[in-house]
Amino acid sequence: MDETEFWEIIDSTREAAEGDPEEHADLLVERLLQLDPESVLDFARHFEARFNRAYRWDVWGAAAVLLGGASDDAFDFFRCWLIGQGREIFEAAVHDPDSLAELLDDFDDEIDGDAEDLGYAADEAYEQLTGIVTPDLGLPPQPAEPEGTPVGFEDDAALAARFPLLWERFGAG
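Structure report, in brief. Just so it is clear, the model here is predicted, and its values are computed rather than measured.

**With respect to the overall build of the chain**
Assigned secondary structure in the chain consists of ten helices and zero strands. Whereas a compact globule of 173 residues would reach a radius of gyration of roughly 16 Å, the chain reaches 16 Å, a difference of no more than 12%. Counting only C-alpha atoms and orienting by the principal axes, one finds that the chain spans roughly 50 × 35 × 25 Å. Pairs at least 24 residues apart make up 72% of the contacts formed inside the chain by residues separated by at least 6 positions. Summing over all exposed atoms, the chain offers an accessible surface of approximately 8,800 Å²; the carbon and sulfur share of this is 45%. Looking at the chain, you have 10 positive and 44 negative side-chain charges, and the mean spots of the two groups are 8 Å apart.

Rendered as structure tokens:
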């Protein structure tokens, strides 16, 4: 499975789910069940590589603005959600997280930003197909610390200065 096919699967299942992250995860599992186990592992590798790539302080800061704060778990679930938004939004967010202010039509922190189940979709499909737990994907582990410069998540002024567009649209100010 190449990167284009990975994103096509993400996009088609997201569109069919009409923005519902839980439905998106269910549809993604259904779609992955149509593949052979090795293709599901390829999908899992693509997903995990992007999940690790988004492990950045500035992406975490953007999540904190959008969610009104972001614990470790909340940031993990946000990164799953970000991948679920598709290639354009994901790549823009990793490159410049403040660009999310212009790319997101709406953001409801009760529904959006939390797609924990997307992160388990490939594992679930693989286990259903093979009867065994997903093996190690052979990818380097996530770094111990996020990439980049730490952001003060509790400091509204720092968040507003670092993410002016996001703060204007979605911040507490």
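Let's pick the thread back up.
**Let's talk about the side chain of S99**
Locating S99 in the fold gives a position in the loop between helix 6 (87–95) and helix 7 (100–103). When residues no more than four places from it in sequence are discounted, the contact partners of S99 are A92 and A93.

**Some details on a negative patch on the surface**
A grouping of E18, D20, E22, E23, D26, E30, E48, D114, D117, D123, E124 and E127 is seen on the molecular surface, where their side chains present a negatively charged patch. Among the elements of the structure, helix 2 (21–32) and helix 8 (121–130) are those that each provide at least two residues to the negative patch. Relative to the assigned elements, E23 resides in helix 2.

**A look at the environment of L129**
With respect to the helices and strands, L129 occurs in helix 8. As for L129 and D20, which are separated by 109 residues in sequence, their C-alpha atoms are 25 Å apart. Once you skip the residues sitting within four places of it in the chain, L129 turns out to touch L32, L33, L35, D36, P37 and V40.

**Overview of the packing of aromatic side chains**
Describing an aromatic ring pair means giving the distance of the ring centres and the angle of the ring planes. Per the counting criterion, the structure on display carries 13 aromatic pairs. An angle of 40 degrees between the planes, with centres 6.1 Å apart, marks the rings of W57 and F153 as tilted. Linking W57 in helix 4 (residues 57–67) with F153 in the loop between helix 8 and helix 9 (156–162), this pair joins segments that are 96 residues apart in sequence. In terms of burial, W57 and F153 fall into one category: buried. Ring pairs connect the aromatic residues F6, W7, F43, F47 and F90, which therefore count as one cluster. In this arrangement the basic side chain of R79 is found over the ring face of F51, its NZ or CZ atom lying 3.8 Å from the centre.

**Quick word on the nonpolar core**
Membership of the largest hydrophobic core comes to 55 residues, with the highest contact counts inside it found for L32, F43, F78, L82, L100 and L166. Broken down by element, this core gets its largest block of residues, nine residues, from helix 4. Residues within four places of F78 in sequence aside, it is in contact with V59, A63, L66, L67, L100 and G113.

**Considering the pattern of salt bridges**
Evaluation of the coordinates by the stated rule reveals nine salt bridges. Residues R14 and D11 are paired through a salt bridge, measuring 2.9 Å at the closest nitrogen-oxygen approach. On the criterion of helical spacing, the pair formed by R14 and D11 is a turn pair, its members being three residues apart in helix 1 (residues 3–17). Under the relative-accessibility criterion, R14 is labelled buried at 18%.

**Quick look at helix 6**
Along helix 6, the residues that are buried comprise I89, F90, A93 and V94. When helix 6 is viewed along its axis, its buried side chains cluster within an angular range of 125 degrees and face the same direction. Relative to its buried face, helix 6 has exposed residues pointing more than 90 degrees away, namely E88 and H95.

**A look at helix 4**
A large share of helix 4 lies buried, amounting to eleven of its eleven residues. Of all the positions in helix 4, only W57, D58, V59, W60, G61, A62, A63, A64, V65, L66 and L67 are classed as buried. Trailing helix 4 by a residue or two, G68 shows a phi angle of about 70 degrees, which is positive.

Calculation rules
- Residues numbered from 1 in each chain as written.
- Predicted model: local features only at pLDDT ≥ 70, side-chain atom pairs only at ≥ 80, totals over all residues.
- Heavy atoms only, no water.
- Helix = DSSP H or I, 4+ residues; strand = E, 2+ residues; numbered from the N terminus.
- Rg over C-alpha atoms; globule rule 2.2 N^0.38 Å.
- Contact = heavy atoms within 4.5 Å.
- Areas by Shrake-Rupley, 256 points an atom, 1.4 Å probe, with all protein chains shown as cover.
- Lys, Arg positive; Asp, Glu negative; His and termini not counted.
- Charge placed at Lys NZ, Arg CZ, Asp CG, Glu CD.
- Patch = residues over 30% accessible without salt bridge, like charges linked within 9 Å, V, L, I, M, F, W, Y side chains within 5 Å.
- Salt bridge = Lys/Arg side-chain N within 4 Å of Asp/Glu carboxyl O.
- Phe/Tyr/Trp six-rings, centres within 6.5 Å; stacked < 30°, edge-to-face > 60°.
- Buried < 20%, exposed > 50% of the residue type's maximum accessible area, 1.4 Å probe, protein only.
- Lys NZ or Arg CZ within 6 Å of the ring centre and 35° of its normal.
- Core = buried A, V, L, I, M, F, W, Y, C linked by side-chain atoms within 4.5 Å.
- Arc of directions from axis to C-beta.

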